[in-house]
Amino acid sequence: MRTLKLHFPDDALPTLDTFLKQTKEARGFRRAQAVREVVKGHRLQTVSDTLHFTYSALRKWVHRFAHSGVQSLADRPRPGRPPP
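Predicted, not measured: the structure shown is a model, and the values here were computed from it. (Residues numbered from 1 in each chain as written. Predicted model: local features only at pLDDT ≥ 70, side-chain atom pairs only at ≥ 80, totals over all residues. Heavy atoms only, no water.)

A.B. asks: Break down the overall build of the protein chain for me, with residues and values.
C.D. replies: Helix and strand content of the protein chain: 4 helices and 0 strands. Referenced to the eigenvectors of the C-alpha coordinate spread, the extents of the protein chain come out at roughly 40 × 30 × 25 Å. By residue count, 33% of the 84 residues in the protein chain fall in the buried class. Within the protein chain, contacts between residues at least 6 apart in sequence are counted, and of these 50% link residues at least 24 apart. Of the accessible surface of the protein chain, which amounts to about 6200 Å², a share of 53% is contributed by carbon and sulfur atoms. For the protein chain, the distance from the average position of its 16 positive side-chain charges to the average position of its 7 negative side-chain charges is 8 Å. (Helix = DSSP H or I, 4+ residues; strand = E, 2+ residues; numbered from the N terminus. Buried < 20%, exposed > 50% of the residue type's maximum accessible area, 1.4 Å probe, protein only. Contact = heavy atoms within 4.5 Å. Areas by Shrake-Rupley, 256 points an atom, 1.4 Å probe, with all protein chains shown as cover. Lys, Arg positive; Asp, Glu negative; His and termini not counted. Charge placed at Lys NZ, Arg CZ, Asp CG, Glu CD.)

A.B. asks: An account of the pattern of salt bridges is needed here, citing residue identities and associated values.
C.D. replies: One pass over the full model with this rule turns up 5 salt bridges. Where glutamate 37 meets arginine 36, a salt bridge forms, and the shortest distance between an N and an O atom there is 3.8 Å. One salt-bridge network, held together by shared partners, links Asp17, Arg36, Glu37 and Lys40. (Salt bridge = Lys/Arg side-chain N within 4 Å of Asp/Glu carboxyl O.)

A.B. asks: Describe helix α1 (residues 12-22), naming the residues involved and giving the relevant values.
C.D. replies: If you check which residues of α1 are buried, you get Ala12, Leu16, Phe19 and Leu20. Angular distribution of buried residues about the axis of α1 spans 100°; they occupy a single face of the element. In α1, the exposed residues that point more than 90 degrees away from the buried face are Lys21 and Gln22. Against α2 (26-39) and α4 (55-68) lie the buried residues of α1. (Arc of directions from axis to C-beta.)

A.B. asks: Lay out the packing of α2 against α4 in plain terms, naming residues and giving numbers.
C.D. replies: α4 packs onto α2 with a crossing angle of 75° between their chain directions and a minimal axis gap of 10 Å. If you check the angle between α2 and α4, you find them roughly perpendicular. Here Arg31, Ala34, Val35, Val38 and Val39 of α2 lie close against α4, whose contacting residues are Leu58, Trp61, Val62 and Phe65. (Axes fitted to C-alpha atoms, helices over the stretch in contact; angles between N-to-C directions. Parallel < 35°, antiparallel > 145°, perpendicular 65-115°, else oblique.)

A.B. asks: Now, about the packing of helix α3 (residues 44-51) against α4: what can you tell me, with residues and values included?
C.D. replies: It is the contact of α3 with α4, at a shortest axis distance of 9 Å, that shows an interaxial angle of 115°. Considering only the axes of α3 and α4, their crossing is right-handed. From α3, Leu44, Gln45, Val47 and Ser48 reach across to α4, where they touch Tyr55, Leu58, Arg59 and Val62. Tallied by class, residues from the contact of α3 with α4 come to 5 nonpolar, 2 polar and 1 charged. (Left-handed = near helix turned anticlockwise from the far one by under 90°. Nonpolar A, V, L, I, M, F, W, Y, C, P; charged D, E, K, R; others polar.)

A.B. asks: An account of the side chain of serine 72 is requested, with residue identities and associated values reported.
C.D. replies: Relative to the helices and strands, serine 72 resides in the segment after α4. Polar contacts involving the side chain of serine 72 include one to the main-chain amide nitrogen of phenylalanine 65, which spans 3.4 Å. A distance of 2.6 Å separates the side chain of serine 72 from the backbone oxygen of glycine 69, its partner in a polar contact. (Polar contact = N/O pair within 3.5 Å; in protein donor to acceptor, adjacent residues only side chain to side chain.)

A.B. asks: How would you explain the nonpolar core if you had to name every residue and give the values?
C.D. replies: Core analysis: the biggest nonpolar cluster contains 20 residues, and Leu16, Val35, Leu58, Trp61, Val62, Phe65 and Leu73 have the highest contact counts within it. For this core, the secondary structure elements donating two or more residues are α1, α2, α3 and α4. Discounting residues that sit within four places of it in the chain, phenylalanine 65 has contacts with Phe8, Ala12, Leu16, Val35, Val39, Val70, Ser72 and Leu73. (Core = buried A, V, L, I, M, F, W, Y, C linked by side-chain atoms within 4.5 Å.)

Laid out in structure tokens, this is it:
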């Protein structure tokens with residue numbers, strides 16, 4: 001496995017903490033929890049095993065957070081007709 005070489009802004013942890021307090025969406029909350037653990041310095045594999053996420057999904061969320069911030073942890077719109 002390659003080493004994760006991302007640099008997070010200095011306010012990454014306070015931003016994630018604020019997001020965790022304010023969000024009401026369960027998926028976004030769990031993603032933010034996982035990304036927060038990685039930002040704190042834990043290994044991706046350890047966090048994915050502990051929180052029961054796939055390694056690839058967690059890696060994708062961490063990269064999105066590093067490049068786009070907290071708003072990237074929300075579900076993206078899906079194409080097609082919405083369910084009834």
